[in-house]
Amino acid sequence: MKRKRGGENGMTASIAKAGPIAKSAPWIALAGTALLALGCSQGTETAAPQGMAVRSAVETAPADLQLLCAAEAAKVYEAPSEKILPLSSQRSGTASYDVELDVAGKRARCTIDESGTAITVVDA
Amino acid sequence: MPEHDMPDPDSAKCNGQRRGLLRFFSGIFRARTGRYTLAALVFAAGSAAAININTQIYNPETRQWEQYDPNRAIRYFQQHGQTPAAFQRKIVTFRTAEKPGTVVIDGDKHFLYVVLPNFQAVRYGIGVGREGFGWAGIVNVGRKAEWPVWTPPAEMVARDPKAAKYAGGMPGGPDNPLGPRALYLYEGNKDSIYRIHGTTEPWSIGLNVSSGCIRLHNDDIVDLYERVEVGAKVIVLMQGAALYKGV
């Protein structure tokens, strides 16, 4: 009976059997979660680089990802790697980049994720 | 053999390389037609359209990203005795199918990588071509030189008495603008007129300052020189830059 009254889940039911400190546990957990969420959120918004960090004024794909795209395009277009060069790149999502390639004089576009997996290679 | 791509020690620019470039293309226009001329036009158009990506530095006091221009770079170097940490030599993860010893230049981020085994690379900070002088392409290391001779271009000799002194070539040494080592970049068997070399202006790492030369700290060019062999592939990435490949 207590289990049913206390709630539908086991945790609430067992708290109903416990003392006053345990009864406040859900509120503590809730407050903790809220603080954590607030902390994470603020951390993202105000995350400051350490010291005198540098960056490029325009975000491009890391060089290794650009070259992985070129390697993938070499397979797709059956072209020698010496004829394929990344021309430009930009972030295309939270964890991916678009890389424009010169493939033996033709343009192609590769989308690659941050893990280095080429998602698509298509004519540009 | 005269050098024609050397940096101007007074202006921090590779004016000699510019001259070499102009001579190179005027030669193409004079001597060849058809696809070579077209390629040169494409190159020229690309140069005009190229917009270099500059470096920014974070100011913890203002909490703003600010332009890292030559004045800022000199000030930083005077205050810290070195360039920002990101431009100092470091081993990093580098996922690539390129073989060890390959050089990859990211002109946008001002990094040069030399590929190591096991998906690693040594990363160095670099200075690259200023507006309109950046380039991208696939070349190779045609030759290497220790304490290379620097020969100032004719226009520099004409305007600068100090340079005139070295019209016949400045021997290698600590004051030589090329620094202690140079890697000469070739397309096939042809000298591209571009080089990777050291510098007498270490503060200029991270900037777009040359006429196409890739410059490193002197310690770094010595380290790179030991790691890279003649014949090594060199891939130069630079967004919006003119393509050297095929020209």
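Because the structure is a prediction, the values reported are computed rather than measured.

### Observations regarding the interface of chain A and chain B
Tallying the contact residues gives 32 residues for chain A and 35 residues for chain B. Our count for the chain A to chain B interface comes out at 1 salt bridge. Put simply, R95(B) and D64(A) hold a salt bridge, and the shortest N to O gap is 3.2 Å. Joining chain A to chain B, the criterion identifies 9 residue pairs in polar contact (both at pLDDT 80 or more). For the side of chain A that touches chain B, the secondary-structure elements that each account for two or more residues are strand 1 (54–56), helix 5 (63–77) and strand 2 (84–93) of chain A. Split into classes, the residues belonging to the side of chain A that touches chain B amount to 17 nonpolar, 9 polar and 6 charged.

### Some words on the pairing of strand 8 (residues 135–146) of chain B
Residue and element names in this part refer to chain B. By the bridge criterion, 2 bridges tie strand 8 to strand 14 (residues 242–243) in an arrangement that is parallel. Note that in strand 14 the partner of W135 across the bridge is A242. Here strand 8 runs beside strand 13 (residues 233–237); their pairing, made up of 4 bridges, is antiparallel. Paired with V139 across the strands is V234, a residue of strand 13.

### A look at the sheet that holds strand 4 (residues 106–113) of chain A
Residues and elements named next belong to chain A. Spatially, the 4 strands line up as an open sheet ordered 2-3-4-5, and their pairing is antiparallel. The open sheet has two free edges, formed respectively by strand 2 and strand 5 (118–123), since each of these has just one partner strand. Taking the axes of each pair of neighbouring strands and ignoring which way they run, one obtains an average angle of 20 degrees across the sheet. Those strands touched by helix 5 are strand 2, strand 3 (96–103), strand 4 and strand 5, and its axis lies near 55 degrees from that of strand 3.

### Remarks on helix 3 (residues 70–80) of chain B
Residue and element names in this part refer to chain B. Among all positions in helix 3, only R72, A73 and Y76 are buried. Buried residues in helix 3, looked at end-on, bunch into an arc of 100 degrees, giving them a common side. Relative to its buried face, helix 3 has exposed residues pointing more than 90 degrees away, namely N71 and Q78. Residues of helix 3 that are buried sit in contact with strand 1 (55–59) and strand 2 (64–67).

### Details of the pairing of strand 3 of chain A
Residues and elements named next belong to chain A. The buried fraction of strand 3 amounts to 8 of the 8 residues, a majority that puts the element mostly inside the structure. The two faces of strand 3 match: S96, D98, E100 and D102 on one face and Y97, V99, L101 and V103 on the other face are all buried. The pairing of strand 2 with strand 3 spans 8 bridges and is antiparallel. Bridging across to strand 3, S88 finds its partner in E100. The antiparallel pairing of strand 2 with strand 3 creates a hairpin that spans 2 residues between the two strands. Pairing geometry for strand 3 and strand 4, over 8 bridges, is antiparallel. Note on strand 4: the bridge partner recorded for S96 is D113.

Conventions and cut-offs
Residues numbered from 1 in each chain as written. Chains lettered and ligands numbered in written order. Predicted model: local features only at pLDDT ≥ 70, side-chain atom pairs only at ≥ 80, totals over all residues. Heavy atoms only, no water. Contact = heavy atoms within 4.5 Å. Salt bridge = Lys/Arg side-chain N within 4 Å of Asp/Glu carboxyl O. Polar contact = N/O pair within 3.5 Å; in protein donor to acceptor, adjacent residues only side chain to side chain. Helix = DSSP H or I, 4+ residues; strand = E, 2+ residues; numbered from the N terminus. Nonpolar A, V, L, I, M, F, W, Y, C, P; charged D, E, K, R; others polar. Pairing = 2+ DSSP bridges. Axes fitted to C-alpha atoms, helices over the stretch in contact; angles between N-to-C directions. Buried < 20%, exposed > 50% of the residue type's maximum accessible area, 1.4 Å probe, protein only. Arc of directions from axis to C-beta.

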